[in-house]
Amino acid sequence: MRVPLSQSRDPAPHVLMSADAVGGVWPYSLDLAAGLVGRGLTVTVAILGPAPSGARITAAEAATGARIVATGLPLDWTAGTPEAVLDAARALAELARAIGADCVHLHSPALALAAFPVPVAAVCHSCVATWWDAVETGPLPPDLAWRHDLTARGCRAANALLAPTRAHALATVRVCGLVQPPAVVRNGRGLSGLPPRAPVPHAFTAGRLWDRAKNAAALDRLAGRLSAPLRAAGPVEGPNGARVETRHLHRLGRLDEAGIADELTGRPVFVSLARYEPFGLAVLEAAAAGCALVLSDIPSFRELWDGAAAFVGANDDEAAAEAVQGLLDDPARREAAGQAAATRAARYGVEAMTEGVLGVLRGLLDAAPARLGGAAA
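Residues numbered from 1 in each chain as written. Predicted model: local features only at pLDDT ≥ 70, side-chain atom pairs only at ≥ 80, totals over all residues. Heavy atoms only, no water.

### Description of the sheet that holds strand 1 (residues 14-20)
Operational definition: In this description, strands pair whenever DSSP reports at least two bridges between them. Put simply, DSSP H or I for four residues or longer makes a helix, DSSP E for two residues or longer makes a strand, and each gets a number counted from the N terminus. Contacts are residue-level and defined by heavy atoms, with any inter-residue pair within 4.5 Å sufficient. Axis definition: a line fitted to C-alpha atoms, limited for helices to the stretch in contact. Angles are taken between N-to-C directions and run from 0 to 180 degrees.
With respect to topology, seven strands assemble into an open sheet ordered 3-2-1-4-5-6-7, the strand pairing being parallel. Edge positions in the sheet fall to strand 3 (67-70) and strand 7 (183-184), since each of these pairs with one other strand and no more. Alignment of strand 6 (residues 160-163) against strand 7, held across two bridges, turns out to be parallel. Bridging across to strand 7, L162 finds its partner in A183. Helix 1 (residues 25-38) contacts strand 1, strand 2 (42-48), strand 3, strand 4 (103-106) and strand 5 (120-123) of the sheet and is inclined by roughly 165 degrees relative to strand 1. Packing of helix 3 (residues 82-99) onto the sheet brings it into contact with strand 1, strand 2, strand 3 and strand 4, and relative to strand 1 it is tilted by some 150 degrees.

### Looking at unusual backbone geometry
The criterion, for reference: Buried residues are those whose accessible area, probed at 1.4 Å on protein chains only, stays under 20% of the maximum for their type, while exposed residues exceed 50% and partly exposed ones sit between those limits.
The backbone of N215 sits at a positive phi, close to 65 degrees, despite the residue not being glycine. With respect to the helices, strands and loops of the structure, N215 is situated in the loop between strand 8 (203-206) and helix 7 (216-225). With relative accessibility at 6%, the residue N215 sits in the buried group. For R267, which is not a glycine, the phi torsion comes out positive at approximately 45 degrees.

### A closer look at the packing of aromatic side chains
Aromatic ring pairs are defined here through the distance separating the ring centres and the angle between the ring planes. The line we're drawing: Under the pairing criterion, centres of Phe, Tyr and Trp rings, with the six-membered ring standing for Trp, must be within 6.5 Å; the plane angle then separates stacked pairs below 30 degrees from edge-to-face pairs above 60, leaving the rest tilted. A ring is scored as having a charge over it whenever the NZ atom of a lysine or the CZ atom of an arginine sits within 6 Å of its centre and within 35 degrees of its normal.
One pass over the structure, following the stated rule, counts five aromatic pairs. Ring geometry for W77 and W210: centres 6.1 Å apart, planes at 15 degrees, overall stacked. Here W77 is found in the loop between strand 3 and helix 3, whereas its partner W210 is found in the loop between strand 8 and helix 7, with 133 residues between them in sequence. Judged by relative accessible area, W77 falls into the partly exposed class, the value being 25%. Where F279 meets Y348, the ring centres are 6.3 Å apart and the plane angle is 85 degrees; that geometry is what we call edge-to-face. Of this pair, F279 sits in the loop between strand 11 (269-272) and helix 9 (281-288) while Y348 sits in the loop between helix 12 (331-345) and helix 13 (350-366), and the two are 69 residues apart along the sequence. We note that F279, like Y348, is buried. An aromatic cluster is built from F279, W305 and Y348, whose rings are joined through pairwise contacts. The aromatic ring of F311 is capped on one face by R302, whose charged end is 4.1 Å from the ring centroid.

Written as structure tokens, this is what we have:
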């Protein structure tokens, strides 16, 4: 019988994680860090790109038990040059060496392109090539082509690759020309702990509205067809200069976790018409809260929510409006749909995610007995 990884050596294995605090990678990283710390590992989280405030970092450290470091290093998708990404990778490798990490968990495969002193797992959360494949047409423009090249090379450099859905794993294989698909470890989110309120008479969506993949234009057209508001949480301006304008959405601006959780306690009908979504943590949070789901019919959403959501074409705002309005007008059907979503969401918890990632990390650590003083039992 295999003992917990934390018992395989003394002191406990130390994992260096990289994180992006701009989008969904941030809650993923905090949940995973807490899960790994709960299993006895030591975790350091290195934030790349814009960092949360010092107060939020302190609160995150208290909540997770991890050490969190704002590095000031650029994100791979906002960096100005390939060398800036490679410099960030080298800095992470040096940090791994300095803190005595036993393995590294990267939020972007491009960051694996350095001489790390220990095994590296990289998560394919998303990438510019799979995003372009779903959202645009024609060849990648030069500014994205070099980013894709780094990602593809990083996929081959990492000792292990993970993806949050089989759909995204296969898309990554296709665009990067990989022989083996990444291991599928589905994302997880814990319950907010807030008690539900009476169902509110509106719809809700959340995400980076500036990102064309989120399809804010279709959401805006949908909002114009509804008799009730479609409340939208999320920024309309991105760190890469992208911006979106809307006319009908009831925009709430950027909400923190507490603000999103409060919106979800009213179990609004949750809508995502995303054209590209490797997983969709916002959908999972809504489903876990008991919201009925209306989702775009894309492979990742089908994989996760088939039988627990209503599906429409990503740009079919008329069908989306019919689905949303039908749920708003039929409380019994809306309640049943919300229960189905919550039941499905229970499969995608933090415990299952931690177990999946831990299995990958254990494989890396078992292959490095020199650093562990022997493989885990």
